[in-house]
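Breakdown of the fold
Single-letter residue listing:
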Amino acid sequence: MDVSVVTGSLDQYLAGLWLTVHLVTLSCAIGLAAAIPLAVARVSRNPFAYGPVAAYTWFFRGTPMLVQLLLIYYGLGQFAWMQAQWEAGHPFWVLFREPYFCALLAFALNTCAYTIEIIAGSMRNVPHGEIEAAKAVGMSRFVMLRRILLPSALRRAIPAYSNEVILMLQGSSIASAVTLVDLTGAARNVYSKHFAPFEAFVFAGLIYMALTFALVGLFRLAERRWLAHLRAHRVATTAG
């Protein structure tokens, strides 16, 4: 293994690492913020509320994220109305010419769909006693949702959501398919320059692994902080 291939390209790896972390952090933050109200609609009994959300999650969970990214970046550009907007310099539609915006949009839409189902599943699994207690003290539907249902569901969703964030980190490697030089794109550039695929991609894989372990550690801390009462309950149940 030629270590000089890696040491001589550290600046490329660092730039790619920053772009990867930036993309994943922003897309997960946007996806989570959008997923919370949509998850409330997902568990609604009103078909006009849960129907569109269900269709959205089915599409984005049922198709590969790479296909979604390519459709947004390359697919929209084939339509005449989109080309007309670009020529007119429309401030919003011109963003679809930027690979960073398209990657961020695709990642946010994808992770939002999965996060909706994670939170909606947690909301359905909130103990019925908590809901009955909220009704017994006279809480309205909105107050119960804000103070009981959502906080409880979000805490219980942490283990499943941690897997989603890790999958987003690893799935972000497709960003290089739209000319972005993320961590995988940096490894490709190093490979094409030095013709050393083993060194180039193994080092990138080690960085992804380190990021994954860091995320696992952070989410374990979050579980200890917000799920301690559930762990104590399981211990008491087992002992009994």
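Residues numbered from 1 in each chain as written. Predicted model: local features only at pLDDT ≥ 70, side-chain atom pairs only at ≥ 80, totals over all residues. Heavy atoms only, no water.

A short note on the nonpolar core
Put simply, the rule reads: Here, nonpolar core refers to any group of buried Ala, Val, Leu, Ile, Met, Phe, Trp, Tyr and Cys residues whose side-chain atoms link them within 4.5 Å. Note on exposure labels: buried denotes an accessible area under 20% of the residue type's maximum, exposed denotes more than 50%, and partly exposed covers the range between, all computed with a 1.4 Å probe on protein chains only. The secondary structure listing takes helices from DSSP runs of H or I that are at least 4 residues long and strands from runs of E that are at least 2 residues long, numbered from the N terminus. Here a residue-residue contact requires only that any non-hydrogen atoms of the pair lie within 4.5 Å.
One finds Y13, L23, F107 and L180 to be the most contacted residues of the largest nonpolar core, which totals 41 residues. Counting residues per element, the ones that place at least two in this core are helix 2 (10–42), helix 4 (65–75), helix 5 (80–88), helix 6 (99–124), helix 9 (158–171), helix 10 (183–194) and helix 11 (197–226). The element contributing the most residues to this core is helix 11, with seven residues. Beyond its immediate chain neighbours, meaning those up to four positions away, Y13 contacts L183, A186, A187, V190, E199, A200, F203, A204 and I207.

Quick word on the packing of aromatic side chains
Here is the rule: Each aromatic pair joins two rings of Phe, Tyr and Trp (for Trp, the six-membered one) with centres within 6.5 Å, and gets the label stacked for planes under 30 degrees apart, edge-to-face for over 60, and tilted for any other angle.
Applying the stated criterion across every chain yields a total of twelve aromatic pairs. Pairing Y161 with F219 gives two aromatic rings, centres 6.2 Å apart and planes at 75 degrees, and the pair type is edge-to-face. One end of the pair, Y161, is in helix 9; the other, F219, is in helix 11, and 58 residues separate them in sequence. Note on Y161: relative accessible area 13%, which makes it buried. On the accessibility criterion, F219 (17% relative accessible area) is buried. Taken together, the ring pairs in this structure connect F79, W81, F92, W93, F96 and F101 into an aromatic cluster.

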